[in-house]
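Listed below, chain by chain, are the residues.
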Amino acid sequence: MLKVIELFASDTPNGKKISIMLEEINFPYKVTSVDLSKGDQFKEEFIKISPFSKIPVIKDSENSKNIFGSGAILIYLAERSQKFYDQKNKSNIDQWLMAQMGLVGPLIGQYHSFYRFNKGKSKYGEERYFKITKDLYKNLNDRLSVSKYLAGENYTIADIATWPWIARHQWHDIGLNKYRDLCKWYETISEREAVIKGYNFMGGGKIPKP
Ligand SMILES: N[C@@H](CCC(=O)N[C@@H](CS)C(=O)NCC(=O)O)C(=O)O
């Protein structure tokens, strides 16, 4: 019987990546909420396990390990469960996972900051990140027009990392429906039981339809 993994998170795309993964691999876990609006991430105790003051973090007491950073956590859990990270396809999965870490997450995150949370403060910022986000939708759509999932024929941690960002599509005012293959991928993943459960890990509700 596996020991319970503690997930420190907030109800954000980076948090949901890990709850979805934990549901997918069926590992027992409990969620400790980190309230970013109250500054919990800057508390001394939290910085000990998350040096950049970011969620998500996991504590795996079975292996006496704390891991910060969603990419590292996904790889760790995939290796631990032997799921969604086929070593024969590793370099492909890594490429798409790192593209999420370096591009999809941080850039769409900036778009949220300018367009969703600080509308009217910077026309330049809103326009810049709107264009970048639209380009990312196109890049992902192009990839998914020739590949069922991001790293090939199978669902992997690259999809688990990317999907929660597209699940914020209603904030983006781009129109997910206009991107046929991205939309199909989004809907296929949205139907997975683990995704439905993991998405709602902090009571955030139902997955938004395209
Ligand atoms: N590269 C990190 C990024 C994590 C991240 O940006 N987390 C955000 C929430 S989605 C956060 O904790 N923000 C708190 C802050 O910036 O103060 C990862 O993939 O885990």
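This text goes with the structure placed above it.
1. Re helix 8 (residues 180-190)
Regarding helix 8, the residues found buried are Asp-181, Leu-182, Cys-183, Trp-185, Tyr-186, Ile-189 and Ser-190. Buried-residue contacts for helix 8 involve helix 5 (123-146), helix 6 (157-166), helix 7 (169-172) and helix 9 (193-199).

2. Describing the pattern of salt bridges
Enumeration according to the criterion identifies 13 salt bridges in this entry. Note that Lys-38 and Asp-35 form a salt bridge whose closest N and O atoms lie 3.6 Å from each other. On the basis of relative accessibility, which here comes to 67%, the residue Lys-38 falls in the exposed class. Lys-90 serves as the salt-bridge partner of Asp-94, at 2.7 Å between the closest nitrogen and oxygen. Highlighted residues: Asp-94 and Lys-90, both in helix 4 (residues 90-117), separated by four residues, approximately one helical turn. Members of the salt-bridge network, linked through shared partners, are Asp-60, Glu-62 and Arg-80.

3. Focus: helix 3 (residues 70-81)
Counted at 1.5 Å a residue, the expected span for helix 3 with its 12 residues is 16 Å, and the 16 Å between its end C-alpha atoms agrees. Among the residues of helix 3, Ser-70, Gly-71, Ile-73, Leu-74, Tyr-76, Leu-77, Ala-78 and Ser-81 are the ones counted as buried. Buried positions along helix 3 lie against strand 1 (5-9), helix 1 (13-25), strand 3 (57-60), strand 4 (65-68), helix 4 and helix 6. Count one or two residues on from helix 3 and you reach Gln-82, which has phi positive near 60°.

4. A closer look at the sheet that holds strand 1
Judged by pairing direction, the sheet is mixed, and its four strands sit side by side in the order 2-1-3-4 without closing on themselves. Edge positions in the sheet fall to strand 2 (29-33) and strand 4, since each has one partner strand and no second. The mean inter-strand angle of the sheet, taken between neighbouring strand axes irrespective of direction, is 20°. With four bridges joining them, strand 3 and strand 4 adopt antiparallel strand pairing. What sits directly across from Lys-59, in strand 4, is Asn-66.

5. Considering the packing of helix 4 against helix 5
Their axes nearest at 8 Å, the elements helix 4 and helix 5 cross at an angle of 145°. Helix 5 is crossed by helix 4, and the crossing has left-handed handedness. For the pair helix 4 and helix 5, the contacting residues are Trp-96, Leu-103, Val-104, Leu-107, Ile-108, Gln-110, Tyr-111, Phe-114 and Tyr-115 in the first and Gly-125, Glu-126, Tyr-129, Phe-130, Ile-132, Thr-133, Leu-136, Leu-140 and Arg-143 in the second. A breakdown of the residues in the contact of helix 4 with helix 5 according to their chemical character gives 13 nonpolar, three polar and two charged.

6. Topic: the packing of aromatic side chains
Counting across every chain of the model gives 11 aromatic pairs. Where Phe-84 meets Tyr-155, the ring centres are 5.4 Å apart and the plane angle is 85°; that geometry is what we call edge-to-face. Remark: Tyr-155 occurs in the loop between helix 5 and helix 6 and Phe-84 occurs in the loop between helix 3 and helix 4; sequence separation between them is 71 residues. Pairing Phe-114 with Tyr-129 gives two aromatic rings, centres 5.5 Å apart and planes at 10°, and the pair type is stacked. Here the residue Phe-114 occupies a position in helix 4, and Tyr-129 occupies one in helix 5, the gap between them amounting to 15 residues. Given the relative accessible area of 24%, Phe-114 is considered partly exposed. An aromatic cluster is present here, built from Phe-84, Tyr-149 and Tyr-155 joined pairwise through their rings. Positioned above the aromatic ring of Tyr-199, the side-chain terminus of Lys-16 is 3.9 Å from the ring centre. Above the plane of the ring of Trp-171 lies Arg-168, whose end atom (NZ or CZ) is 4.1 Å from the centre.

The rules we used
Within any chain, residue numbers begin from 1 and follow the written order of that chain's sequence. Two thresholds apply to this predicted model, a pLDDT of at least 70 for residue-level local features and 80 or more for giving and counting side-chain atom pairs, whereas whole-chain, interface and lining totals are computed over all residues. Here the side-chain values reflect all heavy atoms present in the structure, with hydrogen atoms and water set aside. Burial classes: relative accessible area under 20% of the type maximum marks a residue as buried, over 50% as exposed, and values in between as partly exposed (1.4 Å probe, protein chains only). Only DSSP runs of H or I covering at least 4 residues are called helices, and only runs of E covering at least 2 are called strands; the numbering of each starts at the N terminus. In this description, contact between two residues means that some pair of their heavy atoms is separated by no more than 4.5 Å. Between Lys or Arg on one side and Asp or Glu on the other, a salt bridge is scored when a side-chain nitrogen of the former is within 4 Å of a carboxyl oxygen of the latter. Here the expected length of a helix is defined as 1.5 Å per residue gap, with one fewer gap than residues. Strand pairing follows a simple DSSP-based rule, namely that at least 2 bridges must link the two strands. Angles run from 0 to 180 degrees between N-to-C directions of axes, and those axes are lines fitted to C-alpha atoms, restricted for helices to the stretch in contact. In a left-handed crossing the near helix is turned counterclockwise from the far helix by less than a right angle, and in a right-handed crossing that turn is clockwise. Charged means Asp, Glu, Lys or Arg here, nonpolar means Ala, Val, Leu, Ile, Met, Phe, Trp, Tyr, Cys or Pro, and polar covers whatever is left, Gly included. Centres within 6.5 Å make a pair out of two Phe, Tyr or Trp rings, where for Trp the six-membered ring is used; the pair is then stacked when the planes are under 30 degrees apart, edge-to-face when over 60, and tilted otherwise. Two conditions define a charge located above a ring, namely a distance within 6 Å from the ring centre to NZ of Lys or CZ of Arg, and an angle within 35 degrees of the ring normal.

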